[in-house]
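Descriptive structure summary
Here is what each chain is made of, one letter per residue.
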Amino acid sequence: AGDHIGERGGPRNQKTASVRLRGAQGRRRQDPFRRDDNQRTGAVRPFGHRAGNYTIEASYLGYIAKSEKIFVGNLSPFLDAGVFDLVQDTRLLDELTVNGERSPISSRMEKKSYSMTDNPAHSGGSALQAMQGLPGITVVDNRVQLRGSDRVAILVDGKQTALTGFDNQSGLDNIPASAIDRIEIINNPSSRYDAGGNAGIINIIYKKESRRGFNGKAGLTGGLGALWEKHANLPAIRPQYMATPKINPSLMLGYRKKKVNVFFQGDYLYTRTLNKNEFADRYYIAGDSTIRQQTKRNRNTGFLTLKSGVDLNLTLKDIFTISALYGSEKIIDRGDEPFFNADLTTRYRLWQFLEDELKTTVMATASWQHRFDREGHTLSAGFNYTFHREDEKYFFTNIMPAFTGLDSFKLISDEHVADLNIDYVRPLRRGRLEMGSKFRRRVIPTDMRFFPGLGSAIDVSAGGKATYAETIPALYANLVLESRVMEVEAGLRGEYVDVRYTVDPSHPTYKSDGYSYVLPFPSVRVAFKIDESNRISAFYGRRVDRPGEVDIRVFPKYDDVEIVKVGNPELRPQFTNSVELGYKTSWKRGWLYVALFDRMTDGTMTRIASVAPGSPIIHAIFQNAGQSYVAGGEAAFSQKITGPLTFNINASIYHNRIDAFEVHIKYPVDSDFTVAAEQVTSGNVKLAGLATLPHQTEIQLSGIWLAPDIIPQGRVGGRFSLDAGVKRGVQRGRGEVMLNASDLLNTMRVRKRILGDGFRYTSVDYGETQVIRLGYTYKF
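It should be emphasised that the depicted structure is a prediction, and the values quoted were computed from it without experimental measurement. (Residues numbered from 1 in each chain as written. Predicted model: local features only at pLDDT ≥ 70, side-chain atom pairs only at ≥ 80, totals over all residues. Heavy atoms only, no water.)

A few points about the overall build of the protein chain
Tallying secondary structure elements over the protein chain gives two helices and 41 strands in all. Buried residues in the protein chain amount to 53% of all 780 residues. When the accessible area of the protein chain is evaluated, it comes to approximately 33,700 Å², of which 58% is carbon and sulfur surface. (Helix = DSSP H or I, 4+ residues; strand = E, 2+ residues; numbered from the N terminus. Buried < 20%, exposed > 50% of the residue type's maximum accessible area, 1.4 Å probe, protein only. Areas by Shrake-Rupley, 256 points an atom, 1.4 Å probe, with all protein chains shown as cover.)

With respect to the confidence of the model for the protein chain
For the protein chain, the mean per-residue pLDDT works out to 84, and 90% of the residues sit at or above 70. Counted against residues more than four places away or in other chains, residues 1-17, with its pLDDT under 50, gives 40 contacts. Low pLDDT, under 50, characterises residues 95-107; the stretch is placed with 28 contacts to residues that sit more than four places away or in other chains. (pLDDT = per-residue confidence, 0-100. Contact = heavy atoms within 4.5 Å.)

Quick notes on the environment of F661
With respect to the helices and strands, F661 occurs in strand β31 (residues 661-665). On the basis of relative accessible area, F661 is assigned to the buried category, the value being 10%. For F661 and A677, which are 16 residues apart along the polypeptide, the C-alpha to C-alpha distance reads 7.5 Å. Apart from residues no more than four positions distant in its own chain, F661 is found in contact with T606, I608, A625, F673, T674 and V675.

Regarding the sheet that holds strand β9 (residues 200-206)
A sheet is described by the order of its strands in space; here four strands give the open sequence β4-β8-β9-β7, paired in mixed fashion. The sheet is open, and its two edges are formed by β4 (111-115) and β7 (152-156), each paired on a single side. Strand-to-strand twist in this sheet, taken as the mean axis angle between neighbours without regard to direction, amounts to 15°. By the bridge criterion, five bridges tie β4 to strand β8 (residues 180-186) in an arrangement that is antiparallel. Residue S113 lies in a different strand from β8, and its bridge partner there is E184. (Pairing = 2+ DSSP bridges. Axes fitted to C-alpha atoms, helices over the stretch in contact; angles between N-to-C directions.)

Here we look at the pairing of strand β30 (residues 645-658)
Direction of pairing for strand β29 (residues 628-640) relative to β30: antiparallel, over a ladder of 13 bridges. Each bridged residue has a counterpart across the sheet, and for A631 the counterpart in β30 is H655. Between β29 and β30, which pair antiparallel in sequence order, lie four residues. Here β30 runs beside strand β33 (residues 678-693); their pairing, made up of 14 bridges, is antiparallel.

Re empty space enclosed by the protein
In total, this model carries 13 cavities of 30 Å³ or more according to the counting rule given. In this structure, the largest cavity encloses a volume near 130 Å³. Lining the largest cavity are 16 residues, and of these N187, N188, N198, S578 and R599 sit closest to its centre. Secondary structure elements with two or more residues in the lining of the largest cavity: β22 (534-545), β25 (574-587) and β26 (590-602). (1 Å grid on protein atoms, 1.4 Å probe; cavity = no way out; pocket = protein on both sides within 12 Å on 5 of 7 lines; lining within 4 Å. Points joined across faces, edges and corners; volume = space filled by probe spheres on them.)

Structural notes on the pairing of β9
With respect to burial, β9 is a largely interior element, seven of its seven residues being buried. Residues G200, I202, I204 and Y206 line one face of β9 and the alternating positions I201, N203 and I205 line the opposite face, and both faces are buried. Sheet topology places β7 next to β9; five bridges connect them, and they run parallel. From the neighbouring strand, L155 faces β9, where its bridge partner is N203.

Quick look at the packing of aromatic side chains
Applying the stated criterion across every chain, the model contains 11 aromatic pairs. Residues Y394 and F396 carry aromatic rings whose centres are separated by 6.2 Å and whose planes lie at 15° to one another, so their mutual orientation is stacked. Note on F396: relative accessible area 4%, which makes it buried. Seen from their ring centres, Y394 and F409 are 4.5 Å apart, and the 25° between their planes marks the pair as stacked. Residue Y394 is found in strand β16 (residues 378-399), and its partner F409 is found in strand β17 (residues 404-428); the two are separated by 15 residues along the sequence. (Phe/Tyr/Trp six-rings, centres within 6.5 Å; stacked < 30°, edge-to-face > 60°.)

Notes on the nonpolar core
Counting 62 residues, the largest nonpolar core has F409 and F759 as its most contacted members. Leaving out residues up to four positions away in the same chain, F759 has contacts with Y283, Y284, I285, A609, S610, V611, I618 and I754. Residues A130, L146, A179 and Y206 belong to the second largest nonpolar core, which totals 28 residues. (Core = buried A, V, L, I, M, F, W, Y, C linked by side-chain atoms within 4.5 Å.)

Let's talk about unusual backbone geometry
Located in the positive-phi region is L344, a residue other than glycine, with phi close to 65°. Relative to the helices and strands, L344 is located in the loop between β14 (318-340) and β15 (347-371). The backbone phi angle of Q731 is positive, close to 55°, even though this residue is not glycine. Structurally, Q731 can be placed in the loop between β37 (719-730) and β38 (735-742).

Structural notes on the pattern of salt bridges
Scanning the model with the defined rule gives 41 salt bridges in all. The partner of R147 in a salt bridge is E580, with the nearest N and O atoms 2.6 Å apart. One end of the pair, R147, is in the loop between β6 (143-146) and β7; the other, E580, is in strand β25, with 433 residues separating them in the sequence. Residue classification places R147 among the buried positions, given a relative accessible area of 7%. Here E357 ties to K359 by a salt bridge, and the two come within 3.5 Å at their closest N and O atoms. Here E357 falls in the buried class, since its relative accessible area comes to 7%. Exposure remark for K359: the relative accessible area of 14% places this residue in the buried category. (Salt bridge = Lys/Arg side-chain N within 4 Å of Asp/Glu carboxyl O.)

Examining the side chain of N478
Summarising the element assignment, N478 is placed in strand β19 (residues 464-482). In this structure the side chain of N478 is engaged in a polar contact, spanning 3.4 Å, whose partner is the side chain of S191. Here E489 takes part through its side chain, which lies 2.9 Å from a polar atom of the side chain of N478. Sequence-distant contacts of N478, defined by excluding residues within four places in its chain, comprise S190, S191, R192, R432, L433, E434, E489, A490 and G491. (Polar contact = N/O pair within 3.5 Å; in protein donor to acceptor, adjacent residues only side chain to side chain.)

Some thoughts on a nonpolar patch on the surface
Taken together, the side chains of L224, L227, W228, M242, V737, L739, I772, L774 and Y776 present a nonpolar region at the surface, about 770 Å² in accessible area. Those elements that provide at least two residues to the nonpolar patch are β38 and β41 (771-779). A total of three residues in the nonpolar patch trace back to one element, the largest contributor, which is β41. Note that W228 resides in the loop between β10 (213-225) and β11 (244-257). The partly exposed category is assigned to W228, whose relative accessible area is 48%. (Patch = residues over 30% accessible without salt bridge, like charges linked within 9 Å, V, L, I, M, F, W, Y side chains within 5 Å.)

Okay, here's the thing in structure tokens:
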């Protein structure tokens, strides 16, 4: 078809052919085919159409017109219409035009996309703060969860990066929301995506200017948090942060002309935050004693991100992109931890700390895409290299009744990651074929050094060097087929994983370890289209969560002087089978989406807290805990009530269960104990109302309620917050002013209860949640 239909300028110096599209009943519709400028096209591209049976009529000056029936669905952006052989005719034909109405387009049920411009109540802060208000996402202990699980893969522009962690969620609270265009939630990823993340994928899409000529956007947002004291400090410690400032300047530039598109983006986010203010009671069964403590952490953060690149249209068929990213994150934590008896009459100790952490990220990316004659038929290749350094220094002052000790330690961790991707997409007559491969090599050498002071509680022998090495080649194939009443997407991803963790031979507890496997990860989605407004979809997928380097890191991390987190080199991956049944219906002024889901996980990874005999120190160590289950439902509803007012509600309810299991712990001493089964029914509700008023003004009010849920060996209590925001366009749409407030009523509290081996732990965190922000952006 590329030589005869829709090609710009006509085939081989001939005049342009024209296409007419008719519906199944012969009614003319608006042209559903779109081609990009300066591109040859060998496939039709459905755009703005209703799914159904159509007739393609191809005509060309001096030839007899030919028609053929074709089904046009919703799944594929391009379809292979085949070759139209036209017979020469002596008649001259005029070019035909197509007129009609454009039908509404429904979003695909396995992916949800939320624009930051449509979310004024949660803009202006960090990516983590923006996610708190999005439907389907909950945030617990600064980690995002999907449907009750924090095993979520975080991508940036479709790639894993050191900014958000290759196997964790680091950095989300420091990525400025001003840099983000939209956030995608993929609960049921296909085989095209990496197999990691049993709960799904969150994809952060950065902004990128692509308008013609020179253009850009500049912005400045400022704010204040911790406007009043939620809970007074325990006696004789340093003050907690109040009226904490937030400053976020941003700049985005672009220049596009002919075959070149140059882009630049810079963001700086400076914040002072009362990051944690937790009041806890610990009861030790052996001594029948209670310790009351406070953990107060004042945090200063500066995060600079610079991203630049160029798109080169080398030929009409080839696009080459080179980009680079630099990120620098500076964190200074100053904290106090007093330890008292039950009635606060005696202070046992005061632990003060200073954490000085610098994270540096450099990422370079080169990609190439070749477009064949048939539009949508592409071959792509990309190489991505990331270097990430963590330089952490900790200084502790341990004030005891009889002496004062000064402890410190230093950690250097260098992460080197190289990814090579090859992807191939071919449109079919009723769908498309996707195939590809990925190769990853990742190496992380770490070096931990302890410098103990007088009466130190630090385990000096646990320091030293270790190296994490990961090699993962993968292949995938994904087939999408669509008819008038049915959609099928089936894929298979095969992964070989080899992980080696080399420990300093002098380590007193752990030795070098690792694992490897070759396994398939299938995914299947079947949808039945009842009519244009109603569809039912069923999904099955298998995914894996591999232990991250931090999960198996043998060096102790001191959350406080008596709570220590340690990795476990013997930790193994957990594997999850997921099924889901969904239904979506839409009408003129709204839509409803309902889903039922079930996840079963083998080898569940969880932290187990325990105390050694005669010691008050709690050690939290990752272990494989056997099987766990999450089953529940999710519903999302949107309705335009009046002309300017839209109401949205998202609710989920799920039953979370972890079977009883036995574990053997090697650190700090060999011990065995049994953990009882845990289960709870939990969920969340998010309400949002958006009013679109005259003069480019939008007002949003958003309420979030999170039900109690289980955590390792315990539960976290329910929480509620109310957020509000308003934005208004000024300067004829070039400028925009924004004002919002998170946790408007200052009601957010995090309550926990943990039942460990030999102790009980209850706490309430009164950390900063209320922030008021004012911002301005200008487009030029």
